[in-house]
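Listed below, chain by chain, are the residues.
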Amino acid sequence: MLRFHPAGFIQKPLTTDLGVMVYYTKAEAPAIGTPTLVFLHSLGGGSSAFEWSLVYPALADTYRVVAPDLIGWGQSSHPVRTYRVEDYFTMITQLLTSLEGPKLVAATSLTAGVMVRLAIQRPDLCQGLFLVSPAGNSDFGRDYRLSLPALLASTPGLDRLIYQVGAANPLAVQWFLSNVLLGDRRRLTPTLVQAYLSCTQQPQAQYAALASLSGAISFDLANYIGQLSLPTAMVLGEKSRFMPPAVGRRLASLNPQAITAIHEIPDAGVLPHLECPEAVVPLLRDFAGMVLAPHEIQ
């Protein structure tokens, strides 16, 4: 789905234990020693590196940009499996260890929650985190697996029907974007619908999506975030229906030593970087400059 990404960027493959991961990066090779910004998309129906495609071009002249389609999503491999948190630990670890030099990871929603847990286990993988709407989906004692969507998505036979009717068609994608992801429905565009639709219709795309919907990757991020030691900034969408900013601020309050900056983007939903990239780019640029500047000098 290179057609949904900016001109001047190319696809590259990375072989992982779970399959081939495709990532997007600038065609022109960066100078040796250039720090890397890694952009990790969320784990909802139709998610892919496209989610960050309005942000990373603005930073590609200063940093090496790497924006992958995680395994099970976009144009990367779609192995038939029930995806678990450990699978994402594996693929993200292999991605980060393949990249030389200092790195800052920007991650969204459930992937941001997974990245928090991975950074606690492996603080050596990167120098800082830029988290957008971080969540574990079962935060502060709420068991998402007992919710109606999770129970339906866990029912054999019914799960495939739910995916076809509720995700892999234009009307479903349009509804999901308008009513779940976006804070302002007027920002819905045909390109946005087509980018998400093309991902939902990839062969075997249902396995990763249904694992997220069923709660197979659900956990309570509040049990982990206090152990995070890396410098971290958090961005929240004011009108996020999926991850209300009050919950994000409550999570941040559990670790003020690591989470030193919290930004709330007005009139944005759970993906402010997709809706309001002009507001997110300067926040990421400033944070990356602070976290990675000492490494650039070296």
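Residues numbered from 1 in each chain as written. Predicted model: local features only at pLDDT ≥ 70, side-chain atom pairs only at ≥ 80, totals over all residues. Heavy atoms only, no water.

**Structural notes on the pattern of salt bridges**
Thinking step 1. Counted under the stated rule, the structure contains 8 salt bridges.
Thinking step 2. We note a salt bridge from Lys26 to Asp61, for which the minimum N-O separation is 2.6 Å. With Lys26 in strand S2 (residues 19–26) and Asp61 in the loop between strand S3 (36–40) and strand S4 (64–69), this pair connects stretches of sequence that are 35 residues apart.
Thinking step 3. With a shortest N-O distance of 2.8 Å, Asp124 and Arg122 are connected by a salt bridge. (Salt bridge = Lys/Arg side-chain N within 4 Å of Asp/Glu carboxyl O. Helix = DSSP H or I, 4+ residues; strand = E, 2+ residues; numbered from the N terminus.)

**Overview of the packing of helix H5 (residues 170–181) against helix H6 (residues 190–200)**
Each pair of packed helices can be summarised by the angle the axes make with each other and by the distance between the axes.
Thinking step 1. It is the contact of H5 with H6, at a shortest axis distance of 9 Å, that shows an interaxial angle of 115 degrees. In terms of crossing hand, the pair formed by H5 and H6 is right-handed. Along its contact with H5, which presents Pro170, Val173, Gln174, Leu177 and Leu181, the element H6 presents Leu192, Val193, Tyr196, Leu197 and Thr200.
Thinking step 2. Split by residue class, the contact of H5 with H6 holds 8 nonpolar, 2 polar and no charged. (Axes fitted to C-alpha atoms, helices over the stretch in contact; angles between N-to-C directions. Left-handed = near helix turned anticlockwise from the far one by under 90°. Contact = heavy atoms within 4.5 Å. Nonpolar A, V, L, I, M, F, W, Y, C, P; charged D, E, K, R; others polar.)

**Brief notes about the nonpolar core**
Thinking step 1. Membership of the largest hydrophobic core comes to 108 residues, with the highest contact counts inside it found for Phe39, Tyr88, Ile92, Met115 and Phe130.
Thinking step 2. In terms of residue count, the dominant contributor to this core is helix H10 (residues 277–297) (8 residues).
Thinking step 3. Those residues within four positions of Phe39 in sequence are excluded, and the remaining contacts are Trp52, Val55, Tyr56, Leu59, Val65, Val66, Ala67, Pro68, Ala106 and Leu284. (Core = buried A, V, L, I, M, F, W, Y, C linked by side-chain atoms within 4.5 Å. Buried < 20%, exposed > 50% of the residue type's maximum accessible area, 1.4 Å probe, protein only.)

**Let's talk about the side chain of Asp87**
Thinking step 1. If you trace the backbone, Asp87 turns up in helix H1 (residues 85–97).
Thinking step 2. A polar contact is formed between the side chain of Asp87 and the side chain of Arg81, at a distance of 2.9 Å.
Thinking step 3. Residues contacting Asp87, with those up to four places away along its chain left out, are Leu18, Arg81 and Thr82. (Polar contact = N/O pair within 3.5 Å; in protein donor to acceptor, adjacent residues only side chain to side chain.)

**Overview of the packing of helix H4 (residues 158–166) against helix H7 (residues 206–214)**
Thinking step 1. One can describe the packing of H4 onto H7 by two numbers: an axis separation of 11 Å at closest approach and a directional angle of 105 degrees. When the axis of H4 is compared with that of H7, the two are roughly perpendicular. Taken together, the residues of H7 that come into contact with H4 (itself represented by Asp159, Arg160, Ile162 and Tyr163) are Gln206, Tyr207, Ala209, Leu210 and Leu213.
Thinking step 2. Here the contact of H4 with H7 is composed, by residue class, of 6 nonpolar, 1 polar and 2 charged. (Parallel < 35°, antiparallel > 145°, perpendicular 65-115°, else oblique.)

**Side note on the packing of aromatic side chains**
Thinking step 1. Within this structure, the stated rule accounts for 8 aromatic pairs.
Thinking step 2. Geometrically, the ring pair formed by Phe39 and Trp52 is tilted, given 5.1 Å between the ring centres and 55 degrees between the ring planes. With Phe39 in strand S3 and Trp52 in the loop between S3 and S4, the pair connects residues that are 13 residues apart, well separated along the chain. Assigned by exposure class, Phe39 and Trp52 land together as buried.
Thinking step 3. When the centroid spacing of 6.0 Å and the interplanar angle of 90 degrees are considered together, the rings of Phe219 and Tyr224 count as edge-to-face.
Thinking step 4. When its relative accessible area of 7% is taken as the criterion, Phe219 is described as buried.
Thinking step 5. For Tyr224, a relative accessible area of 27% corresponds to the partly exposed category.
Thinking step 6. Sitting above the plane of the Phe219 ring, Arg117 keeps its charged end 4.8 Å from the centroid.
Thinking step 7. Between Arg250 and the ring centre of Phe140, over which it is positioned, the NZ or CZ distance is 3.7 Å. (Phe/Tyr/Trp six-rings, centres within 6.5 Å; stacked < 30°, edge-to-face > 60°. Lys NZ or Arg CZ within 6 Å of the ring centre and 35° of its normal.)

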